[in-house]
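# Structural description and commentary
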Amino acid sequence: MLPAVAAASPALSHLSRHHHLGHRFHLRRHRLLPSAPTKASCGAGRSGRRLVLAGAFASSDGPAGQDVEYSAGATSSGSAYLGLFVRWLGLDNDPRDREHAVCTLYQYSLGGRKSIDEIMQFPGCIILVISLLKSESTRTCEAAAGLLRNITSVPLYRKMAIESGAMEEMISLLCKSTITPEMMEQCLCTIWNFSIDEKWRYKILRNDFLTKIVSYLDEEDIKIKEAAGGIITNLVLSPSNHGALVEAGVIPKLVHLLQTKEDDYKIIRKEAKSSLILLARDDSYHSLIIEEGLVRVPLIGSAAYKAFKPLPHSWPSFPDGSEIQRSSRPSKYGATELLLGLSVNEKGTKPDEAKINAMVGRSNQQFLARVGAIELDDEGNEQLGSQSNDLYTILPWVDGVARLVLILGLEDVSAIKRAATAIGDASINEHMRTSFKEAGAVKPLLQLLNHNDVPAREAAAYALEKLTVSSTICRKVKEEGGLELLVNTVKDPNTPVKQLEKIIYVLSRMFDMRISMVAAPERYVHEDVTGAERSIQGDTTSGSSAISHTFENQEMASELILDFDAISRLTKVLKDAPPTLQAKVCCVLEHLAPSEQHATAMTATSIGSVIEAILEIGVIHGTRADSEDFDNLPSVGTEEISQAVSAAARLLTKLLNFDLFVRGINSEKFISLLRRMLKSSFPLQSKDWLAACLVRLESRTGLSGNHGVSDIDMEITIYQTIPRLVEQMMTSFSFESKRSAVIKLNKITSSGVLEYTRAVADTGGIFPLVKMLEEGDGDALEATLAILYNLSMDPENHPAIIAAGAVPLLKRIVLAEGPHWTNAIQLLRTLPV
């Protein structure tokens, strides 16, 4: 962005407005130096010559405050003496001569491009001017900075100045504590000129000067704010600078300037808006701008709003479509129906703040649309470098949310698509999602899913995917009849893949059963095999009926909507989808699995083979993760694979409740796959579900006469239960949680199985157990001593126990002669100390 310019130069008119307004440049008709010096002239010396030569360039004939005027004759005659003034800039001249020369040249440079060209015809002139920036004279520094500002406004001389070190000297001058506001303005405007060229912007960042420039946005002088804002606007034009700008804290300051309403801030507001729009192109920075209370809104052209027709209402309603309760005492003059305030102020009907903001925003934007002032045709001029369909503005969130929802009701398909995308981009937190709901965005977005335009449908699906992160939006979607619409979109074979993925994400959130089953793994898997069997058997009867009862009403509705065609399409997607989408599809199908009708449909679609394929991929990935080539794994991470495997295991666990499904699968193959993944380095969260599914599968195969391998229960304990308890001791902040874990761990290790004790050591359980010696008491301390004693039976564990600091703690327990000192001394005797 260029600084404010006059006819020929970006900096000249700005300076001519604020400096030397009372001068007229007329040359007097007299000889500068008489042929024979008189006594008076000789006495004047060099000071006399300075005054005479100054008269050749400027005269204060005109009244103060009058505009600067130039004449061709004055310029041509005055230019004959430029060489003399440039010569006076030399370092060997008197400082007063140098000051007089640079001040005179600065005034002459205000004449425009021609005057600057005449000054720059003398080689070395710019180096002499830069050297004057180090002068102790404030007037000299101001004039030198002003002259450089005018010179660098010409692209031809900008490179010469930057190569001569002008940028570094300007930055050094700005860092001085004695700098004046006028000098500061001249320096910033010069740097503003430099920042026009992209190739020189890196110098501003390289000199660690960016933070200081950003701080100038807080200055009281509006000219300094404008110059700093202009520099930032030019820096933002280079995307590589965005990170440094944001780290310097530019976003909150720009937002504050944009929201300042004083008339003097018109230019700085425009600069702030341009900078914020460019920064908002990055998603992460866009989120920061939204957090500051602004929303990016597409510019669609004033012609698109001509199709806006406000809906007539016989009774006022909220923007989200909900009606306002009628007053029990309506006005006989009809004022209750006309004035919303008379009806909403009744006791118990006063709207909350979100509804009030939605009403205010809707009223503002609809009024602007009706009068044709909602968008000006030249509003996107600052983004001329962008495509016509990539123009945006920045609005306060109340107005921005209302305008985006208003655009959804227009006829321009391109505008609707851009608005839906903008809604998705802005839905970064619960506040914004709730605001869009109150503004009435959910219903038109659902209707847009049936639009003939494919990009518009994808944009609507994207917006709904972002909005439905909120449970309140999910309920709103259900209230608007969106469930059937979403399922029909899934069943449609012509639905594009991108749109289908987003719709499945929405359905998975609406059907996510884990919200009410957070403790499900602990219900399925206990610390010992017998307990796990009892838990699974209990789930077959009372547990299964409880789940069915919880979702009974939802299943009745789902049976009407999610038929065989929908389940078949979901199964096909599950087969070929990436791991993240597979987890979402499994979540949707898991919601349907408790229904016998849906489970039968899944069995008919051969979903067992699809689940088996997902588990096989998990085995392959888990095996590779355990190998030495862990760092060379493909782009799909272990976390994504583990999420898909966990979701598939949960779905499999639900389907095992039905004999029809059990008879159609290879149980031994599933048991083998689950056991191999249980032994891999998958996250413990995934192993919880794998163990639950494995126990359930073993129980079901036992009923069918097909017995599994006898050591399944031991493997679950070694690879799932013990690691989970050790992690609980290491990560829990609650002592009761640690106490519970160590007591359960003692029950396992005291069963006499050597592999259990080895598993405790292999999973890093020695260090948290030694820490429990210091924190624990009573039964927790007794359990800890028992586990460590079992571990000490293996000499390989002695170094780890000693390194963890067990010896001094054990000695302390012995010396205290508490109830467990005998156990502590037995443990000490087993250690080589």
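Here is what the cut-offs are and how they apply
Going along each chain's sequence as written, the residues are numbered from 1 onward. Local features in this predicted model are restricted to residues of pLDDT 70 or higher, and side-chain atom pairs are both shown and tallied only at a pLDDT of 80 or more, whereas totals for entire chains, interfaces and linings draw on every residue. Hydrogens and waters are ignored; side-chain quantities use all the structure's heavy atoms. In DSSP terms, a helix is any run of H or I states spanning at least four residues, a strand is any run of E spanning at least two, and both are numbered starting from the N terminus. For each residue, the accessible area found with a 1.4 Å probe, counting protein chains only, is set against the maximum for its type, and the residue is called buried under 20%, exposed over 50%, and partly exposed in between. The contact rule is simple, with two residues in contact once any of their heavy atoms fall within 4.5 Å. All accessibility values rest on the Shrake-Rupley procedure with a 1.4 Å probe; residue burial counts only the protein chains present in the view. With a 1 Å grid laid over protein atoms only, a set of points is called a cavity when a 1.4 Å probe fits there but cannot get out and a pocket when it is open yet has protein on both sides within 12 Å along at least five of seven lines; lining residues have an atom within 4 Å of a point. Grid points are joined across faces, edges and corners, and a volume is the space filled by probe spheres set on the points. Only Asp, Glu, Lys and Arg are considered charged in this grouping, and only Ala, Val, Leu, Ile, Met, Phe, Trp, Tyr, Cys and Pro are considered nonpolar; every other residue, Gly among them, is considered polar. Salt bridge, as used here, is a side-chain nitrogen of Lys or Arg placed within 4 Å of a carboxyl oxygen of Asp or Glu. To define a nonpolar core, start from buried Ala, Val, Leu, Ile, Met, Phe, Trp, Tyr and Cys residues and group those joined through side-chain atoms within 4.5 Å. Centres within 6.5 Å are what make two rings of Phe, Tyr or Trp a pair, Trp counting through its six-membered ring; a difference in plane orientation under 30 degrees is then read as stacked, over 60 as edge-to-face, and the rest as tilted. Both a distance and an angle decide whether a charge sits over a ring: NZ of Lys or CZ of Arg must be within 6 Å of the ring centre and within 35 degrees of the ring normal. One fewer than the residue count of a helix, multiplied by 1.5 Å, yields its expected span. The definition of a polar contact used here is a pair of N or O atoms within 3.5 Å, where within protein one atom must be able to donate a hydrogen and the other to accept one, and adjacent residues in sequence count solely through side-chain atom pairs. Only when DSSP finds a minimum of two bridges between them are two strands counted as paired. Axis definition: a line fit to C-alpha positions, over the contact stretch in the case of helices; interaxial angles, taken between N-to-C directions, run 0 to 180 degrees. Any angle that falls under 35 degrees is termed roughly parallel, while one over 145 is termed roughly antiparallel, one within 65 to 115 roughly perpendicular, and all others oblique. Less than a right angle of anticlockwise turn of the near helix away from the far helix marks a crossing as left-handed, whereas a clockwise turn marks it as right-handed. Confidence scores labelled pLDDT are given residue by residue by the predictor and lie between 0 and 100.

For the chain, the count of helices and strands is 48 helices and two strands. Looking at the chain as a whole, 52% of its 833 residues qualify as buried. Across the chain, every contact between residues at least 6 apart in sequence was considered, and the portion connecting residues at least 24 apart equals 73%. Of the roughly 38700 Å² that the chain leaves accessible, carbon and sulfur atoms contribute 52%.

A few words on empty space enclosed by the protein. Unfilled space is identified by rolling a water-sized probe across the atoms. Under the definition given, this model contains four cavities of 30 Å³ or more. In terms of lining residues, the second largest cavity is bounded by Ala354, Asn357, Ala358, Arg362, Trp397, Val398, Val401, Ala402, Ser435 and Ala439. For the lining of the second largest cavity, the elements supplying multiple residues, two or more each, are helix 21 (353-371) and helix 22 (397-408). Along the lines of polarity and charge, the residues of the lining of the second largest cavity split into seven nonpolar, two polar and one charged.

Next up on the list: the pattern of salt bridges. Enumeration over the complete set of coordinates arrives at 22 salt bridges. The residue Lys203 makes a salt bridge to Glu168 at a minimum N-O spacing of 3.2 Å. With Lys203 in helix 12 (residues 201-206) and Glu168 in helix 10 (residues 166-174), this residue pair connects regions lying 35 residues apart in the sequence. Linked by salt bridges that have partners in common, Lys355, Lys437 and Glu438 make up one network.

The biggest cluster of nonpolar side chains holds 109 residues, and the ones touching the most others in it are Phe436, Leu445 and Leu589. The element contributing the most residues to this core is helix 37 (residues 638-655), with eight residues. Beyond its immediate sequence surroundings of up to four residues, Phe436 is in contact with Val401, Leu404, Val405, Ile423, Ala426, Ser427, Ala441 and Leu467. Residues Cys189, Tyr216, Leu254 and Leu294 belong to the second largest nonpolar core, which totals 84 residues.

With respect to the helices, strands and loops of the structure, Thr190 is situated in helix 11 (residues 181-194). Taking relative accessible area as the criterion, Thr190 reaches 0% and is therefore assigned buried. Each residue touching Thr190, except ones within four places of it in the same chain, is listed here: Ala145, Leu148, Arg149, Thr152 and Met170.

Our focus in this paragraph is the packing of aromatic side chains. One pass over the structure, following the stated rule, counts zero aromatic pairs. The ring centre of Tyr392 lies 4.4 Å from the NZ or CZ of Arg296, which sits over that ring. Between Arg418 and the ring centre of Tyr392, over which it is positioned, the NZ or CZ distance is 5.0 Å.

Relative to the 20 Å expected for 14 residues at 1.5 Å per residue, helix 26 (residues 454-467) spans 20 Å between its end C-alpha atoms, a close match to the ideal helical length. With respect to burial, helix 26 is a largely interior element, ten of its 14 residues being buried. Taken together, the buried positions of helix 26 are Ala456, Arg457, Ala459, Ala460, Ala461, Tyr462, Ala463, Leu464, Glu465 and Leu467. The N-terminus of helix 26 is capped by Asp453, whose side-chain oxygen sits 3.0 Å from the backbone nitrogen of Ala456.

With four of its five residues buried, strand 2 (residues 392-396) lies for the most part within the structure. Here five bridges tie strand 1 (residues 294-298) to strand 2, and the two strands are oriented antiparallel to one another. Following the sheet pairing, Val295 is matched in strand 2 by Leu395.

Where helix 11 contacts helix 14 (residues 222-236), the axes come no closer than 9 Å and their chain directions differ by 20 degrees. On the basis of their axis angle, the class for helix 11 and helix 14 is roughly parallel. The element helix 11 and its partner helix 14 pack so that their crossing is left-handed. Counted together, Pro181, Met184, Glu185, Leu188, Cys189, Ile191 and Trp192 of helix 11 and Lys223, Ile224, Glu226, Ala227, Gly230, Ile231 and Asn234 of helix 14 form the full contact between these two elements. Grouping the constituent residues of the contact of helix 11 with helix 14 by class yields nine nonpolar, two polar and three charged.

Here we take up the side chain of Lys738. Inspection of the secondary structure puts Lys738 in helix 42 (residues 735-749). If we skip the residues at most four places from it in the chain, Lys738 touches Gln728, Met729, Ser732, Met772 and Glu775.

What follows covers the packing of helix 22 against helix 23 (residues 413-426). At their nearest, the axes of helix 22 and helix 23 sit 8 Å apart, and the two run at 140 degrees to each other. In this structure, the crossing between helix 22 and helix 23 has a hand that is left-handed. Seen from helix 22, the contacting residues are Leu404, Ile407 and Leu408; seen from helix 23, they are Ala415, Ile416, Ala419, Ala420, Ala422 and Ile423. Classifying every residue of the contact of helix 22 with helix 23 gives nine nonpolar, no polar and no charged.

As a further point, take the confidence of the model for the chain. Summary statistics for the chain give a mean pLDDT of 76 and a share of 75% for residues scoring 70 or more. Looking at the elements of the chain, mean pLDDT is at its lowest for helix 1 (residues 12-18), recorded as 35, and at its highest for helix 23, recorded as 94. Taken as a whole, residues 341-347 scores under 50 in pLDDT and shows 13 contacts with residues more than four places along the chain or in a different chain.

Because each turn of an α-helix spans 3.6 residues, side chains separated by three or four positions end up pointing in the same direction. Here helix 5 (residues 95-109) spans 21 Å end to end across 15 residues, near enough to the 21 Å set by a 1.5 Å rise per residue. Burial within helix 5 is extensive, with 13 of its 15 residues counted as buried. The residue sitting at the N-terminus of helix 5 and contributing the capping side-chain oxygen is Asp94; that oxygen lies 2.8 Å from the backbone nitrogen of Arg96.

Burial runs high along strand 1: five of the five residues are buried. Of the two faces of strand 1, both are covered, the one formed by Leu294, Arg296 and Pro298 as well as the one formed by Val295 and Val297.

Once that is clear, we can look at the environment of Ile356. If you trace the backbone, Ile356 turns up in helix 21. Separated by 83 residues in the primary sequence, Ile356 and Ala439 place their C-alpha atoms 9.9 Å from one another.

The next subject is the environment of Leu210. Mapped onto the elements of the fold, Leu210 is located in helix 13 (residues 210-215). Sequence spacing of Leu210 and Val250 is 40 residues, and the spatial spacing of their C-alpha atoms is 9.7 Å. Each residue touching Leu210, except ones within four places of it in the same chain, is listed here: Ile204, Leu205, Leu235, Ala244, Leu245 and Ala248.

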